[in-house]
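Observations on chain architecture
Residues per chain are reported as follows:
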Amino acid sequence: MQSMLKTGLVTAALMASVAPAAMAQECADADRVPITWSTIAGFYTDAMADLVAGFEKGHCVKVNVVNIDNSQLYNKQVIEMVGQTGAYDVVTLETSEKAEFAENGFILPMTEYFADKKAQLDDVAPTLAALTTQYKGDVWGLPYYTYTAGYIYRQDLFDDPTEKEAFKKRFNYDLAVPETWAQHRDIAEFFTRKAGENLKGEKLAKDFYGVGLMAGPFPEIQDEMSGVLWSQGADWLTDEGKVPVDAVEKAMNDYLALMKYAPPAALTVTYDGVMNQMKDGQIAQTYSFFLDQWPNAVTTETSVPGAKMGVAEAPEKKAYIGGFLLAVSASSAHPKEAMDFVAYVGGHDAQMEFAKAGGTSTLMSVLSDPSFAAPESRPKTGHFATLLKIFDSMKGFRSNLFDTPFGAKIYNTMQIPLQSAAAGQISARQAAEQLAAEVEKICGGPCPIGK
């Protein structure tokens, strides 16, 4: 997953509000221990800049932040890890990359470091912790941001009496947040209208679509499809390390059934394109969609007259889940200071400030803080209550894609056959078979699963 908020949502607030977690220490610049953090250029780096400054105020450390484009971050980090260059002390890993970095000795386990900090570990949402911090019995860092998916929709459309009556007459059940993927598809069909037709009793000036989809040349298509696949009781990899062709074919066919209810631009966009469609009044709902985009989605209430946004769990309470993990490079010359930094950024005080500024925290104490449930906090944190429900609904969930050391390589390959099917170039069956063949090639046979 490569989702990120717009820089403007968070930077200004962080610059004004961040305080160090520890009492400031007197420290000459020449005495500061240098550590380098490789992270995603743009929002993540900009938003965390003042948290870095707060850490430096409480520690005799100088943090050098290296901005790397998200599309290049994985490859650049792997190159430095393989070469044991020590170029990066702290690395930023997507959920599917953790097992590879741990298995190959690229990062240091932090189990012993957190032995007397159990409360901090326990504060990470347990479902998220299982997927991001844990591998083969060890702890490998802390997640500082979650892009866990759910469902974002135009609540004003669902509440409109005319639309409710028409939907009930057509489908013989009430228009509401969908509980199943079949209901989601009905809603997508229902709200797809041509220019000149009515929506909420008013004539449309342009075509309107029932759903926004991320079927462009980016990895997010597999994130969207994951919820459907998981709700079938399947996974991208079986326990034997193979792609379940029949299950992937079914999930792909479900996706194809939605394509006719999405804007034609679905084949060119990712999450930001879907948000632009929502804010432009083009779509009624998302599919399995990153809830960190809520602060972006809620601005639809300003750009579209009469719009009111809603957020909920995805149908069947299954959706893509994960976060960005901060981990310490095995070749770091200053591992203790690097671990201190990881603990600080993933800690309660820093995460509170991050949330106030519009970031999506990974901590239960932050997500459940009463201040974030207040009406005035809704534009930035209106999705927090839904995230808590998702973490509860998906308690105990694991994906073999995240527990194989080949997960990142598989993840970076999946989009090719899936997008080819979405574009109508190959069938759903062919996409599933091509994915299975490619995964077998990547793993050299069945993929090992690190339980």
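Reading the values: the criteria
- Residues numbered from 1 in each chain as written.
- Predicted model: local features only at pLDDT ≥ 70, side-chain atom pairs only at ≥ 80, totals over all residues.
- Heavy atoms only, no water.
- Helix = DSSP H or I, 4+ residues; strand = E, 2+ residues; numbered from the N terminus.
- Rg over C-alpha atoms; globule rule 2.2 N^0.38 Å.
- Buried < 20%, exposed > 50% of the residue type's maximum accessible area, 1.4 Å probe, protein only.
- Contact = heavy atoms within 4.5 Å.
- Axes fitted to C-alpha atoms, helices over the stretch in contact; angles between N-to-C directions.
- Parallel < 35°, antiparallel > 145°, perpendicular 65-115°, else oblique.
- Left-handed = near helix turned anticlockwise from the far one by under 90°.
- Nonpolar A, V, L, I, M, F, W, Y, C, P; charged D, E, K, R; others polar.
- Pairing = 2+ DSSP bridges.
- Disulfide = S-S within 2.5 Å.
- Core = buried A, V, L, I, M, F, W, Y, C linked by side-chain atoms within 4.5 Å.
- 1 Å grid on protein atoms, 1.4 Å probe; cavity = no way out; pocket = protein on both sides within 12 Å on 5 of 7 lines; lining within 4 Å.
- Points joined across faces, edges and corners; volume = space filled by probe spheres on them.
- Salt bridge = Lys/Arg side-chain N within 4 Å of Asp/Glu carboxyl O.
- pLDDT = per-residue confidence, 0-100.

1. Focus: the overall build of the chain
Looking only at helices and strands, one finds 21 helices and 12 strands in the chain. Here the C-alpha radius of gyration of the chain, 22 Å, is about what a compact globule of 451 residues would show, namely 22 Å. C-alpha extents for the chain along the principal axes are approximately 70 × 55 × 30 Å. Buried positions account for 58% of the 451 residues belonging to the chain. Pairs at least 24 residues apart make up 76% of the contacts formed inside the chain by residues separated by at least 6 positions.

2. Quick notes on the packing of helix 11 (residues 245-259) against helix 20 (residues 407-422)
Closest axis-to-axis distance for the helix 11/helix 20 pair is 10 Å, and the angle between their directions is 45 degrees. In terms of orientation, helix 11 and helix 20 fall into the oblique class. Relative to helix 20, helix 11 is oriented so that their crossing is right-handed. Mapping the contact onto sequence places Met252, Tyr255, Leu256 and Met259 in helix 11 and Leu418, Ala421 and Ala422 in helix 20. Its residues assigned to classes, the contact of helix 11 with helix 20 comprises seven nonpolar, no polar and no charged.

3. Thoughts on unusual backbone geometry
Negative phi is the rule for most residues except glycine; trans is the rule for most peptide bonds. A positive phi is found at Lys200, a non-glycine position, where the angle reads about 55 degrees. The backbone of Glu316 sits at a positive phi, close to 60 degrees, despite the residue not being glycine. Turning to its location among the elements, Glu316 is positioned in the loop between strand 11 (309-312) and strand 12 (323-328).

4. Some remarks on the pairing of strand 3 (residues 90-93)
Here strand 3 shows a buried face lined by Val90 and Thr92 and a second buried face lined by Val91 and Leu93. When strand 3 meets strand 12, the two strands line up antiparallel, connected through four bridges. Within the sheet, the bridge partner assigned to Thr92 lies in strand 12 and is Leu326.

5. Topic: the sheet that holds strand 11
Read from one edge to the other, the open sheet built from three strands follows the order 10-7-11, with strand pairing classed as antiparallel. With one partner strand each, in any of the chains shown, strand 10 (289-290) and strand 11 form the two edges of the open sheet. Note: strand 7 (residues 149-154) against strand 10, two bridges, orientation antiparallel. When the sheet's bridge partners are listed, Ala149 is paired in strand 10 with Phe290.

6. Thoughts on helix 9 (residues 181-191)
For helix 9, every residue scored as buried is listed here: Trp181, His184, Asp186, Ile187, Ala188, Phe190 and Phe191. Contacts made by the buried residues of helix 9 are with strand 7, helix 7 (155-159), helix 8 (161-171), strand 8 (198-199), helix 10 (220-231) and helix 11.

7. Overview of the state of the cysteines
Taken as a whole, this structure holds two disulfides when the rule is applied. Disulfide partner of Cys27: Cys60, at an S-S distance of 1.8 Å. Of note, the bridge from Cys27 to Cys60 carries an S-S torsion of about 50 degrees and is right-handed in sense. Residue Cys27 is found in the loop between helix 1 (11-17) and strand 1 (33-40), and its partner Cys60 is found in the loop between helix 2 (43-58) and strand 2 (61-68); the two are separated by 33 residues along the sequence. Using a relative accessible area of 23% as the deciding quantity, one classes Cys60 as partly exposed. Two residues, Cys443 and Cys447, share a disulfide whose sulfurs are 2.0 Å apart. One quick way to see it: the torsion about the S-S bond of Cys443 and Cys447 is about 85 degrees, and its sign makes the bridge right-handed. Of the two residues, Cys443 and Cys447, neither departs from the other in class, the shared state being buried.

8. Digging into the nonpolar core
Grouped burial of nonpolar side chains is what soluble globular proteins tend to show. Among the nonpolar cores identified, the biggest contains 133 residues, and Trp37, Tyr144, Leu213, Trp236, Tyr255, Phe341 and Ile410 are the most heavily contacted of them. Setting aside chain neighbours within four positions, we find Trp37 in contact with Met48, Val52, Val63, Asn64, Val65, Val66, Val90, Thr92, Tyr144, Leu326 and Phe341. Tyr153, Phe171, Phe190 and Ala312 belong to the second-largest nonpolar core, a separate cluster that totals 15 residues.

9. What about the layout of surface pockets?
Estimated volume of the largest pocket: approximately 400 Å³. Surrounding the largest pocket, 15 residues form its lining, Leu199, Glu202, Leu204, Val304 and Pro305 being those nearest its centre. For the lining of the largest pocket, the class distribution of residues is five nonpolar, two polar and eight charged.

10. Focus on the environment of Ala422
Topologically, Ala422 is positioned in helix 20. Along the chain, Ala422 and Ala215 lie 207 residues apart, while their C-alpha atoms are 6.8 Å from each other. Apart from residues no more than four positions distant in its own chain, Ala422 is found in contact with Ala215, Ile221, Met252, Tyr255, Leu256, Met259 and Leu267.

11. Quick word on the pattern of salt bridges
Taken as a whole and assessed by the stated rule, the structure comprises 23 salt bridges. Notably, a salt bridge pairs Arg193 with Glu163, separated by 2.7 Å at the nearest N-O pair. Taken together, the residues Arg193 in the loop between helix 9 and strand 8 and Glu163 in helix 8 connect sequence positions 30 residues apart. For the pair shown, Arg193 and Glu163 are each scored as buried.

12. So, the confidence of the model for the chain
When pLDDT is averaged along the chain, the result is 92; 93% of the residues meet or exceed 70. Below a pLDDT of 50 lies the segment residues 3-24, which in the model reaches 67 contacts outside its immediate sequence neighbourhood of four places, other chains included.

13. Section: the packing of helix 20 against helix 21 (residues 428-443)
Running from N to C, helix 20 and helix 21 point in directions that differ by 160 degrees, and their axes come no closer than 9 Å. Judged by the angle between their axes, helix 20 and helix 21 are roughly antiparallel. Between helix 20 and helix 21 lies a crossing whose hand is right-handed. When helix 20 is examined against helix 21, the residues Lys409, Ile410, Thr413, Met414, Pro417 and Ala421 are found in contact with a partner set consisting of Ala431, Gln434, Leu435, Glu438, Val439, Ile442 and Cys443. Residues that form the contact of helix 20 with helix 21 fall into these classes: nine nonpolar, two polar and two charged.

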